[in-house]
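If you want the building blocks of each chain, they are given just below.
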Amino acid sequence: MQTFDFVVIGAGAMGCGAAYHLAKDRQRVLLLEQFQIGHARGSSHGESRIFRFAYPQTEYAQLAMQTKPLWQALEEECGQRLLLDSGGLDIADDPSGFAQVNQVVNTLSKLGARHEVLSAAQFGERFAQFRIGPDGYAVYSPDAGILRADQCVRAMAHMAVRHGSTIHESEVVSRVHSDGDSVEVITNRDRYRARKAIVTAGAWVNQLLAASGYPVLPVRIEREQVAYFDARGDRNLSLGQWPVWIHYRRQIAYGFPDLGNGVKVGFHHAGHYINHPDENCGVLDDGDLQALSTYIRERFANVDPTPRNGLTCLYTVTPDEDFIIDALPHSPSIIVASPCSGHGFKFAIGIGRALADLALHGTTAMSIAHTRKLTAAC
Ligand SMILES: Cc1cc2nc3c(=O)[nH]c(=O)nc-3n(C[C@H](O)[C@H](O)[C@H](O)COP(=O)(O)OP(=O)(O)OC[C@H]3O[C@@H](n4cnc5c(N)ncnc54)[C@H](O)[C@@H]3O)c2cc1C
């Protein structure tokens, strides 16, 4: 049986972030992934993710502020641009969205983060690309940007290995057990012993916890999809001209400027609850595509409403959409992280830092106190 200081289970954005920091802290780390790093069956694949400080909740804004320098440090270390400056817009133009955008403005003001509130008229002068309703308004945040998602995951994995981490792909963890001061991890190929295990298994988390005899997390899996639309050569929709944006309304919409493949647009929580992460993997839903087309037609003058292509992706959603990041009750050698609920990617390298801190010291300076729900409930 091989031994390590720590075993990290699942090499999506969170597992790669944790392995990167632990390896950098000179720990002997094994990162196990059931598929290949960068696969498209989980939550971390694709061209882009929104990075923003602009949150209604202070804790997440603070966590984003703590995380940005860690992305920048990784960029320095690996010599790649991972976080593109784009600025961000939070938009509301009906009563269902006003409260959240007001709250975003309050949070940014409280934390001293740069932002500008735009009336519908000011918005229209500056961003004629998008049709905002006459009673609407928006907040522009220059600190928002775009994480190049696939490159981020690969960069964290690559740098974890450079710092001495071992990564095994195509190795499925079937069980993890805590026996006092150490853990045993059993896979389809081998057994490992370590001081602690970090479970970053995304939508598969409850399968592993249940198979290991631990209580499952209160999460549901949602299959989401995003689509790309042709910007018809309109340079006003390209990076530098058009920011990332979130449109707060009953059905929250979000999107990105054209990075070369068209503008990417999605609905937050438009998806379908599924029982197993493999269910209908990669199958696009025509009704959802149609709804996105209708939205594009209503809101963008210069975008072709016929989707070019799309992709599916999984949300692992808690009841209140807060993350769960904590040691298992009564088994402190196993730390579980479910930082998804559709908004976790931006924090991956910061959550990786927090997971490494929890594994090494049992505490962290990262703003995750609100996510430590398992031991708080004991
Ligand atoms: C459509 C969409 C849009 C999003 N947009 C944004 C955004 O703009 N901004 C943002 O911040 N966030 C966004 N998110 C959320 C973000 O992408 C997720 O929070 C994040 O990717 C979750 O990463 P993860 O590592 O927890 O999960 P995953 O990436 O799913 O990683 C879990 C890994 O564990 C592996 N695994 C599971 N079980 C086992 C096992 N037993 N043995 C070995 N390996 C195992 C899996 O194969 C997988 O690779 C979006 C998500 C989606 C789906």
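A brief report on the enclosed structure follows. (Residues numbered from 1 in each chain as written. Predicted model: local features only at pLDDT ≥ 70, side-chain atom pairs only at ≥ 80, totals over all residues. Heavy atoms only, no water.)

### Some remarks on helix H1 (residues 13–24)
Because an α-helix packs 3.6 residues into every turn, residues spaced three or four apart end up facing the same way.
Turning to step 1, where the next piece is worked out: When the terminal C-alpha atoms of H1 are compared, their 16 Å separation across twelve residues agrees well with the 16 Å that a helix rising 1.5 Å per residue should span.
Turning to step 2, where the next piece is worked out: Most of H1 is tucked away: eleven of the twelve residues are buried.
Turning to step 3, where the next piece is worked out: All of the buried residues in H1 are Ala13, Met14, Gly15, Cys16, Gly17, Ala18, Ala19, Tyr20, His21, Leu22 and Ala23.
Turning to step 4, where the next piece is worked out: The secondary structure elements touched by the buried residues of H1 are strand E1 (2–9), strand E2 (29–32), helix H2 (58–78), helix H5 (149–162), strand E12 (191–199) and helix H8 (348–361). (Helix = DSSP H or I, 4+ residues; strand = E, 2+ residues; numbered from the N terminus. Expected span 1.5 Å × (residues − 1). Buried < 20%, exposed > 50% of the residue type's maximum accessible area, 1.4 Å probe, protein only. Contact = heavy atoms within 4.5 Å.)

### Section: the nonpolar core
Turning to step 1, where the next piece is worked out: Of all hydrophobic cores here, the largest spans 74 residues; its most connected members are Trp71, Leu74 and Met156.
Turning to step 2, where the next piece is worked out: Each of domain 1 (2–45 + 150–217 + 320–376) and domain 2 (88–142 + 220–317) accounts for three or more of the residues forming this core.
Turning to step 3, where the next piece is worked out: In this structure, tryptophan 71 is in contact with Phe51, Leu83, Leu147, Cys152, Met156, Phe345, Lys346, Ala348 and Ile349, ignoring residues within four places of it in sequence.
Turning to step 4, where the next piece is worked out: The next biggest cluster of nonpolar side chains, apart from the first, holds 30 residues, and it includes Phe4, Ile9, Ala201 and Val219. (Core = buried A, V, L, I, M, F, W, Y, C linked by side-chain atoms within 4.5 Å. Domains from an automatic or database assignment.)

### Description of the state of the cysteines
Turning to step 1, where the next piece is worked out: Applying the stated criterion across every chain, the model contains zero disulfides.
Turning to step 2, where the next piece is worked out: Cysteine cysteine 78 shares no disulfide, and the gap to the nearest cysteine sulfur, in cysteine 152, comes to 8.6 Å.
Turning to step 3, where the next piece is worked out: Not engaged in a disulfide, the cysteine cysteine 340 finds its nearest cysteine sulfur in cysteine 313; these two sulfurs lie 7.2 Å apart. (Disulfide = S-S within 2.5 Å.)

### Some thoughts on empty space enclosed by the protein
Gaps left between atoms show up when a probe the size of a water molecule is rolled over them.
Turning to step 1, where the next piece is worked out: In this structure the tally under the stated criterion is two cavities of 30 Å³ or more.
Turning to step 2, where the next piece is worked out: Lining the largest cavity are Ile50, Arg52, Ala54, Gly88, Leu89, Asp90, Ser141, Ala144, Val244, Trp245 and Ile246.
Turning to step 3, where the next piece is worked out: Taken together, the elements giving at least two residues each to the lining of the largest cavity come down to strand E5 (88–92) and strand E14 (244–248).
Turning to step 4, where the next piece is worked out: Along the lines of polarity and charge, the residues of the lining of the largest cavity split into seven nonpolar, two polar and two charged.
Turning to step 5, where the next piece is worked out: Its volume calculated, the second largest cavity comes out at about 40 Å³.
Turning to step 6, where the next piece is worked out: Breaking the lining of the second largest cavity down by element, the ones donating at least two residues are strand E13 (220–229) and helix H7 (286–299).
Turning to step 7, where the next piece is worked out: In terms of residue count, E13 provides more of the lining of the second largest cavity than any other element does, three residues in total. (1 Å grid on protein atoms, 1.4 Å probe; cavity = no way out; pocket = protein on both sides within 12 Å on 5 of 7 lines; lining within 4 Å. Points joined across faces, edges and corners; volume = space filled by probe spheres on them. Nonpolar A, V, L, I, M, F, W, Y, C, P; charged D, E, K, R; others polar.)

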